[in-house]
Amino acid sequence: MKKSVRILAVVMALLMVTLVFASCGKTLKGTYSAEVFGTGVEMTFEGKNVTITLKALGMEVGSSTGTYKIDDDKITLTFDSDNDKVEAYDGTFDFEEGEDYIKIGTFGKFTKKGE
């Protein structure tokens, strides 16, 4: 009886550890940027937080800090901003990650900057 209780306790502990790690989700770290004809977007990921900076002709036109969550091939970005340009990045989008890049919806490919 004692042996089966110990085995059950070990199995339950392993199951709880597995569930904890599964709930953590995927995270990104570092700064990714994209630029087209002088218009640029930079996203810096740290933990579950993301900071977005939008630039036009080398000048910052908007920035905001928010959160993100990755579920399989989708990313949800949430920003609290009144800037229409930043709000365009608020929502759930298709997501792909490569060795040195990420792709977010129709916004395209963001290349990881050297750290």
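This text gives an overview of the structure that appears in the document. Source: prediction; values computed, not measured.

Each value, and the rule that gives it
Residues numbered from 1 in each chain as written. Predicted model: local features only at pLDDT ≥ 70, side-chain atom pairs only at ≥ 80, totals over all residues. Heavy atoms only, no water. Pairing = 2+ DSSP bridges. Helix = DSSP H or I, 4+ residues; strand = E, 2+ residues; numbered from the N terminus. Axes fitted to C-alpha atoms, helices over the stretch in contact; angles between N-to-C directions. Core = buried A, V, L, I, M, F, W, Y, C linked by side-chain atoms within 4.5 Å. Buried < 20%, exposed > 50% of the residue type's maximum accessible area, 1.4 Å probe, protein only. Contact = heavy atoms within 4.5 Å. Salt bridge = Lys/Arg side-chain N within 4 Å of Asp/Glu carboxyl O.

**Some remarks on the sheet that holds strand β3 (residues 49–56)**
The eight strands are arranged β1-β2-β3-β4-β5-β6-β7-β8 in a closed barrel whose pairing can be described as antiparallel. Each adjacent strand pair in this sheet contributes to an overall mean axis angle of 35 degrees, direction not counted. One ladder, built from four bridges, connects strand β7 (residues 101–104) with strand β8 (residues 108–112); its direction is antiparallel. In the strand pairing of β8, I104 is matched with G108.

**What to know about the nonpolar core**
Core analysis: the biggest nonpolar cluster contains 21 residues, and M43 and F110 have the highest contact counts within it. For F110, the contacting residues outside a window of four places in its chain are Y32, S33, A34, V41, M43, Y89, D100, Y101, I102 and I104.

**Structural notes on the pairing of strand β2 (residues 39–46)**
Both strand β1 (residues 30–36) and β2 contribute to a ladder of seven bridges, which runs antiparallel. Across the sheet, residue E35 finds its bridge partner in β2, namely G40. From the end of β1 to the start of β2, which pair antiparallel, there are two residues, and F37 there has a positive phi angle of about 50 degrees. The sheet contact formed by β2 and β3 spans eight bridges and is antiparallel.

**Observations regarding the pattern of salt bridges**
A complete count under the given rule lists five salt bridges for this structure. The salt bridge involving E46 is made with K29; its shortest N-O contact spans 3.0 Å. Of this pair, E46 sits in strand β2 while K29 sits in the loop between α1 (2–24) and β1; the two residues are 17 residues apart in sequence, bridging distant segments of the chain. Among the residues examined, E46 registers a relative accessible area of 47% and is labelled partly exposed. With relative accessibility at 55%, the residue K29 sits in the exposed group. Between K113 and E42 there is a salt bridge whose closest N-O contact spans 2.8 Å. Separated by 71 residues along the polypeptide, K113 in the segment after β8 and E42 in strand β2 bring together distant segments of the chain. A relative accessible area of 38% places K113 in the partly exposed class.

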